[in-house]
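A structural walkthrough
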Amino acid sequence: MSNPTNRGKGDLPVKELNLALPAAARKVGVVAARFNHFITEQLVEGALDALARNGVDGDQVLLAWVPGAFELPLAAERMLSCTDCDAVIALGAVIRGGTPHFDFVAGECARGLSRVALDSAKPVILGVLTTDTIEQAMERAGGEDGNKGFDAAMAALHMLGLLDRLNPSGQEP
Ligand code: INI
């Protein structure tokens, strides 16, 4: 893991907290929506792959399925308040497909996850695809645009690493 550096930015030397993974093994929750499961199963696979590649053991990961993206915030909140998870990765796929539901589901899901993160002061990662078509979702779930589940898991690990340094004890990171 790299340390904070005093790196020159123009004339102003600043202390930069580099992107870093957490020092210690951490417990990570994954909440995933069953709606559009053919997409979300790929996102879960990508997330678990990223965690495994970064040294997170299977027994440090708790996976829970919910009916749809709208239910993700409550499941994330419970995972943080009732288990020893240090972070939650929320995975879903909201596809417009002509349904007026789209804006409500996508908006409330994102708003709710943000609220859980701030209320818990723990990383809650938005790994929810919002696309116009199924094809666009497939491209982002292991297709040519990568796997956003993998990216979401990396974001969780990076946030855990950052919060290790910006810790409430007030110690210099
Ligand atoms: N849930 C999704 O995860 N994706 C969608 O695209 C979607 N659409 O389009 O309706 C969706 N709806 C279900 C919703 O998340 C809830 O499960 C449902 O309303 C019950 O609260």
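Conventions adopted
Residues numbered from 1 in each chain as written. Predicted model: local features only at pLDDT ≥ 70, side-chain atom pairs only at ≥ 80, totals over all residues. Heavy atoms only, no water. Helix = DSSP H or I, 4+ residues; strand = E, 2+ residues; numbered from the N terminus. Rg over C-alpha atoms; globule rule 2.2 N^0.38 Å. Buried < 20%, exposed > 50% of the residue type's maximum accessible area, 1.4 Å probe, protein only. Contact = heavy atoms within 4.5 Å. Areas by Shrake-Rupley, 256 points an atom, 1.4 Å probe, with all protein chains shown as cover. Pairing = 2+ DSSP bridges. Axes fitted to C-alpha atoms, helices over the stretch in contact; angles between N-to-C directions.

1. Observations concerning the overall build of the protein
In terms of regular secondary structure, the protein is built from 5 helices and 8 strands. Going from the N terminus to the C terminus, the protein shows its helices and strands as β-β-β-α-β-α-β-α-β-α-β-β-α. Computed over C-alpha atoms, the radius of gyration of the protein comes to 17 Å, within 12% of the 16 Å expected from 2.2 N^0.38 for 173 residues, which places it in the range of a compact globule. Each principal axis of the C-alpha distribution contributes one length, and for the protein these read about 50 × 40 × 30 Å. The burial tally for the protein puts 39% of its 173 residues in the buried class. For the protein, the proportion of contacts with a sequence separation of at least 24, taken over those separated by at least 6, is 73%. Counting only carbon and sulfur atoms, one obtains 55% of the accessible surface of the protein, whose full area is about 9,500 Å².

2. Examining the sheet that holds strand β6 (residues 124-131)
The 4 strands are arranged β4-β3-β5-β6 in an open sheet whose pairing can be described as parallel. Every interior strand has two partners, whereas the edge strands, β4 (61-66) and β6, have only one. Sheet twist, expressed as the average angle between the axes of neighbouring strands with direction ignored, equals 15°. Packed onto the sheet, helix α3 (residues 101-120) meets β5 (87-95) and β6 and runs at close to 170° relative to β6.

Honestly, that's just the spatial picture; any functional story needs more than this.
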